[in-house]
Amino acid sequence: MDLHGVRCVRRPARADEITSWEPGCAWLAGGTWLFSEPQVNTHTLIDLETLRWPSLQVSADGLEIAATCKVAALDQLTDRAPADWTAAPLFRHCCRAFLASFKIWHEATIGGNIVMALPAGPMISLTASLEGVCTLWPRGGEPRSVRVVDFVTGDHRNVLAPGELLRSIHLPAHALRKQFAFRRFTLTHLGRSEVLLIGTRCPEHGKFLLTITAATLRPVQLSFATLPAAAELKRAITDAVPPTLYLDDTHGSPEHRAHLTYYFAEQIRNELAATP
Ligand SMILES: Cc1cc2nc3c(=O)[nH]c(=O)nc-3n(C[C@H](O)[C@H](O)[C@H](O)COP(=O)(O)OP(=O)(O)OC[C@H]3O[C@@H](n4cnc5c(N)ncnc54)[C@H](O)[C@@H]3O)c2cc1C
């Protein structure tokens, strides 16, 4: 879509070239959302591609994902991830959990998806479940770190201040070495996620994390020292997710989302209990 209100496109070599910010400025990542609907209040786009951040950096500490990394690049990392990253198949599960074709995957960025803060943002599901931490670059301030699970505060809402840039997301190595179980439901084949749950369990200490996304307005993460009993897990979900936190839209009613959340959580608990 042509954005008729845009009068200026900037292509900085460094983010600190952007010293001022005013309403109407927008960072441009893959553009798959920005160019998909009218942006009547946007007059300046600041292209992130010219910053040329390395997309994916694998190290002993884990994985550093540049905000500008394309979804397709993360999908491909599944096949060449370090052998002890047992959770690496989650990259592919989540990269293919968009309501979108390969054309979107090749342009959309991980950062753009997280910043959009849509309940069905699969890069939020992935990075929250793998204990991701965002590095944020405010305009004119010191960088700060925020856990992905805290970054998204509601449907299309996040913690970014005006002009603040999501620079990268770090996934710690210990999270990448966890066992996992993945469940997702869509009303239509290849449709938008109605519910997306990911459970992880530490193979050494047994710590269990359940990350609830798509069903809820923001990610909800439940943490247990060991795998809980069925009743304990059910109670924890009830306490953490009041009925008003379930999303209500054309892709699913709050009642159906709640039903599937309990149903999949119990499946995940059973699957991880049976994983050696
Ligand atoms: C057909 C179709 C299907 C889609 N399906 C889904 C879906 O299933 N789930 C879903 O969540 N989304 C979906 N989307 C929306 C969108 O394409 C994705 O969320 C995508 O990941 C956005 O990434 P992008 O790089 O294209 O972001 P852009 O469109 O470039 O930017 C999105 C927003 O984030 C801001 N932004 C981008 N990067 C940064 C950054 N590093 N720091 C600060 N701000 C930044 C931009 O200013 C803009 O406001 C779909 C879109 C289309 C057209």
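None of the values given here were measured: they were computed from a predicted structure.

Enquirer: When you look at the site of the ligand in this model, what are you seeing that I'm missing?
Expert: For the ligand, the set of nearby residues contains 28 residues, the closest of which are Trp 27, Gly 31, Thr 32, Leu 99 and Thr 109. Measuring from an oxygen atom of the ligand, one finds a backbone N or O atom of Gly 30 at 2.8 Å. One nitrogen or oxygen atom from the main chain of Leu 99 is found 2.7 Å from an oxygen atom belonging to the ligand. Considering the ligand on its own, with 960 Å² of exposed area, one finds that the protein chains cover 87% of that surface. Judged by the proximity of its atoms to the pocket grid, the ligand belongs to the largest pocket. Of all elements in the fold, only α4 (110-116) and β10 (165-172) reach the threshold of two or more residues within the shell around the ligand. Top contributing element to the shell around the ligand by residue count: α4, with four residues. Class assignment of the residues belonging to the shell around the ligand gives a composition of 19 nonpolar, seven polar and two charged.

Enquirer: How do you make sense of the domain arrangement of the protein when you look at a structure like this?
Expert: You'll often see interface size given as the accessible area lost when the parts meet. When cut into domains, the protein gives domain 1 (8-50), domain 2 (53-174) and domain 3 (178-274). For domain 2 versus domain 3, the distance between C-alpha centres works out to 20 Å. Between domain 2 and domain 3, the buried area comes to about 2,000 Å², and carbon and sulfur atoms account for 65% of it. Three residues stand out in domain 2 for area buried against domain 3, namely Leu 99, Pro 119 and Ser 129, and they jointly supply 23% of the buried area on that side. One salt bridge in this structure joins Glu 131 and Lys 178, with 2.6 Å as the shortest N-O distance. Where domain 2 packs against domain 3, one counts seven residue pairs in polar contact (both at pLDDT 80 or more). Breaking the side of domain 2 that touches domain 3 down by element, the ones donating at least two residues are α2 (89-95), α5 (122-129) and β8 (152-154). Tallying contributions element by element places α5 first for the side of domain 2 that touches domain 3, with five residues.

Enquirer: Just checking my understanding: could you explain the nonpolar core for this structure?
Expert: The nonpolar side chains of a soluble globular protein tend to be buried, and buried together. Residues Leu 63, Leu 74, Phe 91, Ile 110, Met 123 and Leu 130 are the most contacted members of the largest nonpolar core, which totals 55 residues. Sequence-distant contacts of Leu 74, defined by excluding residues within four places in its chain, comprise Leu 56, Leu 63, Ile 65, Cys 69, Phe 91, Cys 95, Ile 110, Met 123 and Leu 126. Formed by 22 residues, the second largest nonpolar core is a distinct cluster that contains Ile 212, Ala 215, Leu 245 and Phe 264.

Enquirer: Just checking my understanding: could you explain the sheet that holds strand β14 (residues 220-224) for this structure?
Expert: Backbone-to-backbone hydrogen bonds pair the strands of a sheet. The strands run either parallel or antiparallel. Pairing is antiparallel across the open sheet formed by four strands, whose spatial order is β11-β12-β13-β14. The outermost strands of the open sheet, each flanked by one partner alone, are β11 (179-186) and β14. Taken over all neighbouring pairs, the strand axes of this sheet differ in orientation by 10 degrees on average, direction set aside. Helix-sheet contacts for helix α8 (residues 230-240) involve β13 (208-213) and β14, and the interaxial angle to β14 is about 145 degrees.

Enquirer: What's the story with unusual backbone geometry in this structure? I'm lost.
Expert: The general pattern is negative phi for most residues beyond glycine and trans for most peptide bonds. Even without a glycine there, the phi angle at Arg 52 is positive, about 55 degrees. Turning to its location among the elements, Arg 52 is positioned in the loop between β3 (44-47) and β4 (56-59). Residue Glu 131 is not a glycine yet carries a positive backbone phi of 60 degrees. Structurally, Glu 131 is set in the loop between α5 and β6 (133-137).

Enquirer: Please clarify how the pattern of salt bridges should be interpreted in this entry.
Expert: Where charged atoms from two side chains of opposite charge approach closely, those side chains can pair. Under the definition given, this model contains 13 salt bridges. One salt bridge in this structure joins Arg 92 and Asp 79, with 3.0 Å as the shortest N-O distance. Here Asp 79 lies in the loop between α1 (71-77) and α2 and Arg 92 lies in helix α2, a separation of 13 residues in the sequence. Relative accessible area serves as the criterion here: at 59%, Asp 79 is assigned to the exposed category. Across the salt bridge formed by Glu 266 and Arg 269, the nearest N and O atoms sit 2.8 Å from each other. Of this pair, Glu 266 and Arg 269 both sit in helix α9 (residues 254-274), three residues apart, roughly one helical turn. Here the residues in one salt-bridge network are Asp 75, Asp 79, Arg 92 and Arg 96, joined through shared partners.

Cut-offs used in this document
- Residues numbered from 1 in each chain as written.
- Predicted model: local features only at pLDDT ≥ 70, side-chain atom pairs only at ≥ 80, totals over all residues.
- Heavy atoms only, no water.
- Near = heavy atom within 4 Å.
- Polar contact = N/O pair within 3.5 Å; in protein donor to acceptor, adjacent residues only side chain to side chain.
- Areas by Shrake-Rupley, 256 points an atom, 1.4 Å probe, with all protein chains shown as cover.
- 1 Å grid on protein atoms, 1.4 Å probe; cavity = no way out; pocket = protein on both sides within 12 Å on 5 of 7 lines; lining within 4 Å.
- Sits in = over half its atoms within 2 Å of the grid points.
- Helix = DSSP H or I, 4+ residues; strand = E, 2+ residues; numbered from the N terminus.
- Nonpolar A, V, L, I, M, F, W, Y, C, P; charged D, E, K, R; others polar.
- Domains from an automatic or database assignment.
- Buried area = accessible area lost by both parts, 1.4 Å probe.
- Salt bridge = Lys/Arg side-chain N within 4 Å of Asp/Glu carboxyl O.
- Core = buried A, V, L, I, M, F, W, Y, C linked by side-chain atoms within 4.5 Å.
- Buried < 20%, exposed > 50% of the residue type's maximum accessible area, 1.4 Å probe, protein only.
- Contact = heavy atoms within 4.5 Å.
- Pairing = 2+ DSSP bridges.
- Axes fitted to C-alpha atoms, helices over the stretch in contact; angles between N-to-C directions.

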